[in-house]
Amino acid sequence: MKSFDVIVVGSGHAGVEAAYAAARRGCSVLMITVDWERTAHMSCNPSIGGLGKGHIVKEVDVLGGLMGLAADATCIQFKLLNSSKGPAVRGSRAQCDKGLYSGFVKDYLASVGNISSLSAEVKELVFEKDRCTGVITDKEEKISAQAVVLTTGTFMKGIMHIGSHQKPGGRVGEKATRGLSDQLKTLGFSVYRLKTGTPPRLKKTSIDFSALIPQKGDKKFRPFSFFSSPSLSLPQIECYLTYTNERTHEIIHKNLKLSALYSGAIQGAGPRYCPSVEDKVIRFADKDRHQSFLEPETLKGSSIYLQGLSTSLPAEVQLEFLRTINGLEQVEILKPGYAVEYDFLDPLKLFPTLETKLFQNLFFAGQINGSSGYEEAAGQGLVAGVNAASKVKNLAPFILKRHEAYIGVLIDDLVTKGTKEPYRMLTSRAEHRLILREDNAIERLFPLSLEYRLLSPGKLFLLEKELGRRKSLQKFLETNQIVPNEQTKQVLKKWEAPLLNKAQSLKKFFCRPEMSWQKMRTVVLESAVLRRQWEKTFSKCMREELVSSSDNAGSEKTWEAVEIRCKYEGYIQRQNKLISQNQKMENITLPHLDYDQVKGLSLEALEKLKEVRPRTLAQASRISGMPPAAIQALLIHLKAKSYLYGVKKGESDRLNPD
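How each quantity is defined
Residues numbered from 1 in each chain as written. Predicted model: local features only at pLDDT ≥ 70, side-chain atom pairs only at ≥ 80, totals over all residues. Heavy atoms only, no water. Helix = DSSP H or I, 4+ residues; strand = E, 2+ residues; numbered from the N terminus. Rg over C-alpha atoms; globule rule 2.2 N^0.38 Å. Contact = heavy atoms within 4.5 Å. Areas by Shrake-Rupley, 256 points an atom, 1.4 Å probe, with all protein chains shown as cover. Lys, Arg positive; Asp, Glu negative; His and termini not counted. Charge placed at Lys NZ, Arg CZ, Asp CG, Glu CD. Phe/Tyr/Trp six-rings, centres within 6.5 Å; stacked < 30°, edge-to-face > 60°. Buried < 20%, exposed > 50% of the residue type's maximum accessible area, 1.4 Å probe, protein only. Lys NZ or Arg CZ within 6 Å of the ring centre and 35° of its normal. Core = buried A, V, L, I, M, F, W, Y, C linked by side-chain atoms within 4.5 Å. 1 Å grid on protein atoms, 1.4 Å probe; cavity = no way out; pocket = protein on both sides within 12 Å on 5 of 7 lines; lining within 4 Å. Points joined across faces, edges and corners; volume = space filled by probe spheres on them. Arc of directions from axis to C-beta. Pairing = 2+ DSSP bridges. Axes fitted to C-alpha atoms, helices over the stretch in contact; angles between N-to-C directions. Expected span 1.5 Å × (residues − 1). Parallel < 35°, antiparallel > 145°, perpendicular 65-115°, else oblique. Left-handed = near helix turned anticlockwise from the far one by under 90°. Nonpolar A, V, L, I, M, F, W, Y, C, P; charged D, E, K, R; others polar.

Student: So what's going on with the overall build of the protein? Residues and values would help.
Tutor: Within the protein one finds 23 helices and 22 strands. In summary, the protein has a C-alpha radius of gyration of 27 Å against a globular reference of 26 Å for 658 residues, a match within 12%. A principal-axis box enclosing the C-alpha atoms of the protein has dimensions of 80 × 75 × 55 Å. Put simply, of all contacts in the protein between residues at least 6 apart along the chain, 73% involve residues at least 24 apart. With the model as given, the accessible surface of the protein reaches about 28,000 Å², and the carbon-plus-sulfur share is 50%. Here the protein contributes 94 positive and 72 negative side-chain charges, whose respective centroids are spaced 4 Å apart.

This is the structure in structure tokens:
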């Protein structure tokens, strides 16, 4: 019988991050997957990032993950979404060559000495009392491990639907797994069904691109990873925009009964924020058109991804309605769109470490927990992998809080509130989103990477160096002044900016709405007085780094981060005060309470508390439908039983659970 520290079941985006995270912590890792060639496969949209999702990719990068590096290396179009809006809701998005992306990840994992792979299907988990100790494959091979991470994606009892045609499978060309969800159900896990979908892939040469609206990427590339080159390594492509029309909608309406979604063949809930085209024409009947983006899946291939038109209509109906769309009158379908229905497990049965509450050393990550999206899967995979290694090495658990990372928001939402539909990360889900920006991922997560040794010493040094640049630049702006002399007057006149009436700190001057970091840098370098102070403050090396953008860190990242911090300082301070107040409740840990002994709890509150078993009073307050009176009852019970931990004497009296 073979033996490993950690077994990771599945090699999707959750699986690769889990395996790599556990390996980085010194564990021997075995990845078991049915088809190794589909490792990190982009089964749906050929892109990484987006609104809310781009934040997660940045966080995965600072915590030592692979997704940002892979996206940067295989990017064929980059865009910063919401670039005209505030920094908290901007999102980086990279369209990638899906073949090269998968190849990059496979090669990277192959270079890690303590990661092995096995092509097989896991049919059963092995348990000793309340502990998971290994797996049994379809070849009747028993493999032991000290921890197991399940990242099964859409493959547990997956069924693909195209019209009335059904076929077992998690995606085209790959069979579903049958045994695991049945075993887990018998062991006490709650098993439910979800649905996701994908649009048809079109033949490139059958499309009239001259009738479509070109969509170019940004001229400026902003890497996801702090450790990537600032230059693109692949040619950049154009995407195209087109629209459905009333004739398209008529055909869809006429054939709704043939859609697996509307015929009753699919029982699982679909993604609210990525509806099928059938859903769109029904739910948004007032709209006479819906947009769709045509995105090449690879640089050299002929497959075009039709974003926004996922469907489970019969293939012949798909072709009929597609040919009513401008530019697609002669289109040919390479692969019809389809829906996938699959099993997922109730995430309320998980701790924030993603270890199950029913069995020790068993972890779940990705779509098995009810989430959707590559990025959400990667974030969970990283956390599960780190914690699996922590169990093996007898180290402290790794838990991200809501104010520390979007990954923390994601996991807390899943394990506290559960989900009845595919969970997608949105910036609106984070109550502290102003401090969860892409630009400050380093400040937020560097201490954790250092504490848990998630990055190599070389990478930690680079991050620490960047933090030093930002701190030094911030201090320089705070301690130096700009004066209303003739030179300043001429500069402001050139920019058509209001004149300066009295001396003020560079930081306050920087906060002017018309000031950008590029202008601020010009002011400093063109002023003889400020230039002398600049040279006295910074070493020659740091001066060059703050002016040049040719290095990895790039002066641009440093200046932009400092600009955002200066201009939003008041709002950030206000949010930090709220976080500090919330932390009082986070610091009140809930021991293994007998909730039946807590006076004043309603039956509904009692049932929810027993199901979730929250770690802290704050987590209890976030349980869906938990009334403030129940939190007050818990607080009174804890005080009466002297269970208050981590709260200074007298401080509990000032807590306001409302």
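Student: Tell me about the packing of aromatic side chains, and name the residues and values.
Tutor: Considering all chains together, one arrives at 16 aromatic pairs under this definition. For the ring pair Phe104 and Tyr108, a centre distance of 5.9 Å and an interplane angle of 40° mean the geometry is tilted. Taken as a pair, Phe104 and Tyr108 lie in helix H4 (residues 98-110) at a separation of 4 residues, close to a single helical turn. Using a relative accessible area of 25% as the deciding quantity, one classes Phe104 as partly exposed. Look at Trp534 and Phe538: their rings are 4.9 Å apart centre to centre, the planes differ by 70°, and that puts the pair in the edge-to-face class. Relative accessible area serves as the criterion here: at 1%, Trp534 is assigned to the buried category. Using a relative accessible area of 3% as the deciding quantity, one classes Phe538 as buried. Among the aromatic residues, ring-to-ring pairing joins Phe476, Phe510, Trp534, Phe538 and Trp559 into one connected group. Seen from the ring of Tyr20, Arg24 lies directly overhead, with NZ or CZ sitting 4.7 Å from the centre. When the ring centre of Phe351 is taken as reference, the NZ or CZ atom of Lys357 above it lies at 6.0 Å.

Student: Residues and numbers for the side chain of His13, please.
Tutor: With respect to the element layout, His13 can be found in helix H1 (residues 13-24). On the basis of relative accessible area, His13 is assigned to the buried category, the value being 8%.

Student: Please provide a residue-by-residue account of the environment of Arg25, values included.
Tutor: Relative to the elements of secondary structure, Arg25 occurs in the loop between H1 and strand S2 (29-33). Judged by its relative accessible area of 14%, Arg25 is buried. For the pair Arg25 and Val392, spaced 367 residues apart in sequence, the C-alpha separation works out to 9.9 Å. Other than its neighbours up to four places away in sequence, Arg25 contacts Val386, Ala389, Ser390, Lys393, Leu395, Tyr452 and Leu454.

Student: Provide a residue-level description of the nonpolar core, including the pertinent values.
Tutor: Of all hydrophobic cores here, the largest spans 111 residues; its most connected members are Val6, Ile48, Tyr101, Val148, Leu150 and Phe398. Counting residues per element, this core draws most heavily on helix H10 (residues 374-393), which supplies 10 residues. In contact with Phe398, other than residues within four places in its own chain, are Leu63, Thr353, Leu382, Val383, Val386, Asn387, Leu448, Tyr452 and Leu454. If you look at the next biggest cluster of nonpolar residues, it comprises 25 residues, including Leu477, Leu492, Phe510 and Phe538.

Student: Can you explain empty space enclosed by the protein? Please cite residues and give values.
Tutor: For the structure on display, the rule yields 4 cavities of 30 Å³ or more. Here the largest cavity defines a volume of roughly 40 Å³. His13, Val16, Glu17, Leu66, Met67, Ala70, Tyr101 and Val105 together form the lining of the largest cavity. Residue assignment for the lining of the largest cavity shows that the elements contributing at least two residues are H1, helix H3 (67-73) and H4. Among the elements that take part in the lining of the largest cavity, H1 stands out by supplying 3 residues, more than any other.

Student: Describe unusual backbone geometry, listing the residues and the values that go with them.
Tutor: The phi dihedral of Asn82 falls on the positive side, at around 60°, and the residue is not glycine. By the secondary structure assignment, Asn82 is in the loop between strand S4 (75-81) and strand S5 (91-96). The phi torsion at Glu496 lies on the positive side, around 55°, for a residue other than glycine. Secondary-structure assignment places Glu496 in the loop between helix H14 (486-494) and strand S22 (504-505).

Student: Describe helix H16 (residues 517-526), with residues and values.
Tutor: Considered for burial, the residues of H16 that qualify are Trp517, Met520, Arg521, Val523 and Val524. Along H16, the residues classed as buried sweep out an arc of 155° about the axis, all on the same side.

Student: Account for the sheet that holds strand S10 (residues 159-162), naming residues and giving values.
Tutor: Spatially, S11-S10-S19-S12 is the arrangement adopted by the 4 strands of the open sheet, whose pairing is antiparallel. In this open sheet, the two edge strands, each paired with only one partner strand, are strand S11 (165-168) and strand S12 (191-198). In this sheet, adjacent strand axes meet at a mean angle of 25° when their direction is disregarded. Inspection of the sheet shows S10 paired to strand S19 (residues 338-345) by 3 bridges, in the antiparallel sense. Within S19, the residue paired with Met160 across the bridge is Val340.

Student: Account for helix H12 (residues 441-452), naming residues and giving values.
Tutor: Helix length check: H12 (12 residues) gives 16 Å between terminal C-alpha atoms against 16 Å at 1.5 Å per residue, within 8%. For H12, every residue scored as buried is listed here: Ala441, Ile442, Arg444, Leu445, Phe446, Leu448, Ser449 and Tyr452. Taken from the residues just after H12, Arg453 is the one with a positive phi, measuring 55°.

Student: Account for the sheet that holds S5, naming residues and giving values.
Tutor: The 3 strands lie next to each other as S3-S5-S4, forming an open sheet whose pairing is antiparallel. Edge strands, defined here as strands with exactly one partner in the open sheet, are strand S3 (47-49) and S4. Ignoring strand direction, the axes of neighbouring strands in this sheet form an average angle of 20°. The pairing of S3 with S5 spans 3 bridges and is antiparallel. Across the sheet, residue Ile48 finds its bridge partner in S5, namely Ala94.

Student: Could you give an account of the packing of H1 against H4, with specific residues and numbers?
Tutor: Where H1 contacts H4, the axes come no closer than 11 Å and their chain directions differ by 20°. As far as their axial angle goes, H4 and H1 are roughly parallel. In terms of crossing hand, the pair formed by H1 and H4 is left-handed. Between H1 and H4, the residues in contact are His13, Val16 and Tyr20 and Tyr101, Val105, Tyr108 and Leu109, respectively. Taken together, the residues that form the contact of H1 with H4 break down as 6 nonpolar, 1 polar and no charged.

Student: For the pairing of S5, give the residues involved together with the corresponding values.
Tutor: By the criterion of burial, S5 is predominantly enclosed, with 6 of the 6 residues buried. Here S5 shows a buried face lined by Gly91, Arg93 and Gln95 and a second buried face lined by Ser92, Ala94 and Cys96. Pairing between S4 and S5: 6 bridges, direction antiparallel. Paired with Gln77 across the bridge in S5 is Gln95.

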